[in-house]
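# Results of the structural survey
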Amino acid sequence: MSEQTAIHPLYAQLISKFPDSVVRDDRAGFNGVVVQPLNLLEVVKELRDSLGYDYLSSVTAADDFPEERLEVIYHLFKSVGGAPAVIKVFLGREEPVVPSLTPMYPGAELQEREVWDLYGIRFANHPDLRRILLWEGFQGFPLRKDWKEPLYEEDVKPFKSRWPEGKGERKELLNPYKDNVQYPREFEPSTVSGDVDQAMYKSLEYSDDPNSRVIKTDQLVVNLGPQHPSTHGVFRMAVVLEGETIVNLKPVVGYLHRNHEKIGERNTWLQNMPYTDRLDYLAPMSNNFGYAITVEKLMGIVPTERAEYIRVMMAELTRIASHTMTTGFLLNDLGAYFTPALYALEERELILDVFEEVAGSRMMVNYFRFGGVVRDVSPEVLKKIKHLVYNRLPRKIDELDKYISANEIVRTRCEGVGVLTADDAIAFSTTGPNLRASGVPYDIRRADPYSIYESLDFDVCTHDHGDVYDRYRVRIDEIRQSIRILKQVLDRIPEGPIMAGKPQYATKVPAGEAYGRVEGPRGELGFYVVSDGKPNPKRYHVRAPSFINLTSLAQMCKGAKVADAVTILGAVDIVLGEVDR
Amino acid sequence: MAENDLNNPEIDIPDELKQQIAVTTLDRIYNWSRSNSLWPMMFGLACCAIEMICTAASRYDLSRFGMEVMRPSPRQADVMIVSGTVTKKMVPQIVRLYNQMSEPKYVIAMGACASGGGPFKEGYNVVPGVDKFIPVDVYVAGCPPTPQALLHGLITLQKKIEGEHIPDTRWYKKGEVEALPIPILGPDLMDPRHFELIREETHKPLPVVDVIIEGGETA
Ligand code: SF4
């Protein structure tokens, strides 16, 4: 960033309070402070308890290879809005250890496990530090820069063999196994049991006091998933049951871990755009949005006005499509098998038609560019959207609302189920409709406005009970607000260019770091990118809302019946592409 | 298949019986009925699964082809639509599900990922194509394939089934068909059929490394 010389007052305050352990991160383009690992808890406690940074949004790491250094990067926010406090810890490559923030912010639990899994950084005092995206026994920590995968070719794309020479050969043919695998030296395959779940089952252990119960029953571990119709993909939860009541639950993820970040650090900046579509594949436009604004921050460019309007229009249409689909599938999970989902899909199809017309693809839109969007929206498409926004969607949403909201079965099964209090929701770093259903009016479009949201009229929808029913209500309300936003956008959309400057294929991104976030349909979608001036990002991290929303799943499910776990999961609304990345 | 296709034209049916009697071969009537009542397994892996759901929904309506009965249990399904990226962590489960399906069983690899790894092929946790582990009948191209493309794939599968001949089809032969070996998760994914190769390769003496400067001769 340009204001390198001026130090943010918050950081100045921290440095003066902890002169021995906090220094400023003074690399060009970076911000935040670097804290000594041993003093991390102290500093974070000060931030949380005295300065109001009660919301730990993102925990991630980076590898400064070839320097012998790993970094852990924390982004903290205030739950009343505003810019982040960025805290970093520098560690050596051998046996790095840092104190865990999970006891202070339970929302860090899964994220710290991810950092351990991919970077091999140990978190002292973490309650359950196991691999999360990969399996116990996997060889190596894949996001470290010196770890190479079996089909590794080069550090940077486009690969020389493909361009400009164009004599690409299939990499797997050079591998001795003719496949995407590699093994350590002197390895004996029959020594491996293949039982990768032992540690997970062990972590499910609980203090079982038979005297506390009237009827003595055996406790039972049930696995739901990864192939299960209610888990919305390849999600798995291991549930400990006492009769039908859930006593403990562990989410097991990683069945769709597609190495988004490793591949993303090899792709050029622009090549990552289509990959972001495949994160949350129910809301590709908002993923594009998040990535575009993050890189634009680093590049210091501003999109044209028309482009901003088009972006917001597409993002809100996505939100409507995604929320209707979630609502439909929530009803599926309640046992209203498929009819409500068909109603929802009908509306979604109409919105996908718009996307197909502007971007060329129904789902994988790849529509945003740094500085604008790739194609203009024609008057015919605008007319189509107008028809949707003014005539069709409001009626259909009212219809959905009328069928579902007052339905007795829906209410009995959803009200008071899966309750998360406001304090818990913040502590668990919950975002999006889940957070707002607990009564916290936190919406990034208002809390930390981006694009043109500041000039638009809309309400942040909240409900107070924090149960499944309220999560559903928040989504219905948000669809109405999105329609309201769309009406304003359609009225005001200006003529003009859709790209700032010429379209660039080899994007030049100055060195530095940036964290950008948007309010996606599932919550805070953040991108943390680091550039070292090369054509590809040095670090590319996605703060995935559905992944972090899963942290509180156990809390919500404990004490509920097993059938409710399915409903609660449906209302949390996860998309596995984003959970596992 | 229309009624006419079922009738075997080489056998004369008296005119007055034309409406009541159809003569056909066992193969044809059997394949005809089977291909028009395929039950896909309700099984989604990634983004492609969303397009699969759209294909089943009202607009594209799979039930026009007799395929609307999606079964979450592999025991009741005839066709597995592998709809998405197959990861190393997931592939043992996929092979297990395939083994649990009762015969006759078919597999459709939907999308670039299931067919060959797709955009994520280079990833360390990605299996480049489900056909490394289970036999695939139809590949559908696209990322994701449009619902129309998936329908086309399913119709292609129907055609394939209609061409089957009972005496040479695997599942009607005597004897049991061996279950496919389940891959094992170790330091990396291990196919039990390759243990010997793995042992051999990892015990080879390390090659003496010559420093090769790439593209040196053209410089
Ligand atoms: S082929 Fe494309 S759409 Fe289908 S699972 Fe792979 S990445 Fe997703």
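Details of the structure are given in the entry above.
Residues numbered from 1 in each chain as written. Chains lettered and ligands numbered in written order. Predicted model: local features only at pLDDT ≥ 70, side-chain atom pairs only at ≥ 80, totals over all residues. Heavy atoms only, no water.

### Section: the overall build of chain B
Rule in force here: Each helix is a run of H or I in the DSSP string that is no shorter than four residues. Each strand is a run of E no shorter than two, and both are numbered from the N terminus. Note on method: radius of gyration uses C-alpha positions; expected globular size equals 2.2 Å times residues raised to 0.38. Whether a residue is buried, partly exposed or exposed follows from its accessible area with a 1.4 Å probe, protein chains only, as a fraction of its type maximum: under 20%, in between, or over 50%, in that order. We call two residues contacting when some pair of their heavy atoms lies within 4.5 Å. Areas reported here follow the Shrake-Rupley algorithm with a probe of radius 1.4 Å; residue values treat only the protein chains shown as occluding. Asp and Glu are treated as the negative residues and Lys and Arg as the positive ones, with His and the ends of the chain left uncounted. To locate a charge, take atom NZ for lysine, CZ for arginine, CG for aspartate or CD for glutamate.
On a plain count of helices and strands, chain B comes out with seven helices and five strands. Taken from N to C terminus, the helices and strands of chain B fall in the order α-α-α-β-α-β-α-β-α-β-β-α. Since a compact globule built from 219 residues should have a radius of gyration of about 17 Å, the 23 Å found for chain B marks it as more spread out than a globular shape. Seen along its three principal axes, the alpha-carbon backbone of chain B occupies a region of about 85 × 45 × 40 Å. Expressed as a percentage of the 219 residues in chain B, the buried residues total 47%. Excluding contacts between residues fewer than 6 apart, the proportion of contacts in chain B whose partners are at least 24 apart in sequence is 74%. Summing over all exposed atoms, chain B offers an accessible surface of approximately 10700 Å²; the carbon and sulfur share of this is 56%. Across chain B, the mean location of the 21 positive side-chain charges is 5 Å away from that of the 28 negative side-chain charges.

### Looking at the overall build of chain A
Along chain A, the regular secondary structure elements total 19 helices and 15 strands. For chain A, the residues scored as buried account for 63% of the 581 residues in total. Each charge class in chain A can be summarised by its mean position, and for the 71 positive and 84 negative side chains these summaries are 4 Å apart.

### What to know about the sheet that holds strand E10 (residues 245-252) of chain A
All names here are of chain A. Basically, it comes down to this: Here the rule is simple: two strands pair whenever DSSP picks up at least two bridges between them. Note on geometry: axes are lines fitted to C-alpha atoms, helical ones only across the stretch in contact, with angles between N-to-C directions running from 0 to 180 degrees.
Spatially, three strands are ordered E8-E9-E10 in an open sheet, and the strand pairing comes out antiparallel. On the outer flanks of this sheet lie strand E8 (219-224) and E10, each paired with one strand and no other. Geometrically, the sheet is characterised by an average inter-axis angle of 20° between neighbouring strands, direction not taken into account. Where E8 and strand E9 (residues 236-242) come together, six bridges link them in antiparallel fashion. Bridging across to E9, Leu220 finds its partner in Leu241. Helix-sheet contacts for helix H18 (residues 562-572) involve E8, E9 and E10, and the interaxial angle to E9 is about 150°.

### Examining helix H3 (residues 47-56) of chain B
One turn of the α-helix equals 3.6 residues, which is why residues spaced by three or four share an orientation. With eight of ten residues buried, H3(B) lies mostly within the body of the structure. Along H3(B), the residues that are buried comprise B:Cys47, B:Cys48, B:Ala49, B:Ile50, B:Glu51, B:Met52, B:Cys54 and B:Thr55. Residues of H3(B) that are buried sit in contact with helix H8 (305-334) and helix H9 (339-359) of chain A together with strand E1 (79-83), strand E2 (106-110), helix H5 (111-116) and helix H6 (147-162) of chain B.

### Regarding the packing of aromatic side chains
All names here are of chain A. As a reminder, the rule being used: Two aromatic rings, drawn from Phe, Tyr or Trp (for Trp, its six-membered ring), form a pair once their centres lie within 6.5 Å of each other, and the interplanar angle then sorts them: stacked below 30 degrees, edge-to-face above 60, tilted otherwise.
Taken as a whole, this structure holds 22 aromatic pairs over all chains when the rule is applied. Relative to Tyr442, the ring of Tyr55 lies with its centre 5.6 Å away and its plane at 35°, an arrangement referred to as tilted. Residue Tyr55 is found in strand E3 (residues 55-63), and its partner Tyr442 is found in the loop between helix H13 (433-437) and helix H14 (444-447); the two are separated by 387 residues along the sequence. Side by side, Tyr55 and Tyr442 carry an identical accessibility label, which is buried. Ring centres of Trp116 and Phe141 lie 5.5 Å apart, and the angle between their planes is 55°; this geometry places the pair in the tilted category.

### With respect to the sheet that holds strand E15 (residues 539-543) of chain A
Residues and elements named next belong to chain A. Here three strands make up an open sheet; going across it, the order is E13-E14-E15 and the pairing antiparallel. Since the sheet does not close on itself, it has two edges, and those belong to strand E13 (512-520) and E15, each with one partner. Looking at each pair of strands side by side, their axes are set apart by 10° on average, direction ignored.

### Description of a nonpolar patch on the surface
The condition that has to hold: Candidate patch residues must exceed 30% relative accessible area and have no salt bridge, after which like charges are joined if within 9 Å and Val, Leu, Ile, Met, Phe, Trp or Tyr side chains if within 5 Å. Within this document, salt bridges are pairs made up of a side-chain nitrogen of Lys or Arg and a carboxyl oxygen of Asp or Glu, the two lying within 4 Å of each other.
A cluster of nonpolar side chains, namely B:Leu26, B:Ile29, B:Tyr30 and B:Tyr172, defines an oily patch on the protein surface of about 350 Å² accessible area. Judged by its relative accessible area of 30%, B:Tyr172 is partly exposed.

### A word on the nonpolar core
What counts is decided by this rule: As used here, the term nonpolar core means buried Ala, Val, Leu, Ile, Met, Phe, Trp, Tyr and Cys residues forming a set that is joined through side-chain atoms within 4.5 Å.
A:Tyr74, A:Tyr367 and B:Met80 are the most contacted members of the largest nonpolar core, which has 217 residues in total. Broken down by element, this core gets its largest block of residues, 14 residues, from H8(A). Those residues in contact with B:Met80, other than ones at most four positions away along the chain, are B:Met41, B:Phe43, B:Ile94, B:Leu97, B:Tyr98, B:Met101, B:Tyr106, B:Val107, B:Ile108 and B:Ile134. Counting 21 residues, the second-largest nonpolar core is a separate cluster that includes B:Tyr60, B:Leu62, B:Tyr106 and B:Leu151.

### Re the pairing of E10(A)
All names here are of chain A. Of all eight residues in E10, six are buried, a share of seventy percent or more. Note: E9 against E10, seven bridges, orientation antiparallel. Opposite Val239, over in E10, you have Leu249 as the bridge partner. Linking two consecutive strands that pair antiparallel, namely E9 and E10, is a turn of two residues; a positive phi of about 65° is found at Gly243 within it.

### So, the interface of chain A and chain B
Going by this rule: Buried surface area refers to the total accessible area, computed with a probe of radius 1.4 Å, that the two partners give up upon joining, counted for both partners together. In the analysis that follows, any N or O atom pair within 3.5 Å is treated as a polar contact, provided that within protein one partner can donate a hydrogen and the other can accept it, and provided that, for residues neighboring in sequence, both atoms belong to side chains. By the convention adopted, Pro, Cys, Tyr, Trp, Phe, Met, Ile, Leu, Val and Ala count as nonpolar, Lys, Arg, Asp and Glu as charged, and the other residues, Gly among them, as polar.
The interface is formed by 67 residues belonging to chain A together with 53 residues belonging to chain B. In this assembly, chain A packs against chain B so that about 5500 Å² is buried in total across both faces, 62% of it on carbon and sulfur atoms. The largest share of the area that chain A buries against chain B comes from A:Trp135, A:Gln227 and A:Arg258, three residues that together contribute 13% of it. At the junction of chain A with chain B, the criterion picks out six salt bridges. For A:Lys157, the salt bridge identified is with B:Glu122, shortest N-O distance 2.8 Å. Applying the counting rule to chain A against chain B returns 32 residue pairs in polar contact (both at pLDDT 80 or more). Mapped onto the side of chain A that touches chain B, the elements with two or more residues apiece are helix H5 (260-264), H8 and H9 of chain A. Among the elements that take part in the side of chain A that touches chain B, H9(A) stands out by supplying five residues, more than any other. Of the residues contributing to the side of chain A that touches chain B, the split by class is 38 nonpolar, twelve polar and 17 charged.

### Considering the site of the ligand
Inclusion rule: One heavy atom suffices: a residue is near a molecule or strand as soon as one of its heavy atoms comes within 4 Å of it.
Around the ligand sit 16 residues, and of these B:Cys47, B:Cys48, B:Ala112, B:Cys113 and B:Cys143 come closest. Neighbouring residues of the ligand are distributed over chains A and B. By residue number, the principal contributor to the shell around the ligand is H5(B), which donates three residues. Within the shell around the ligand, the residues separate by chemical class into ten nonpolar, four polar and two charged.

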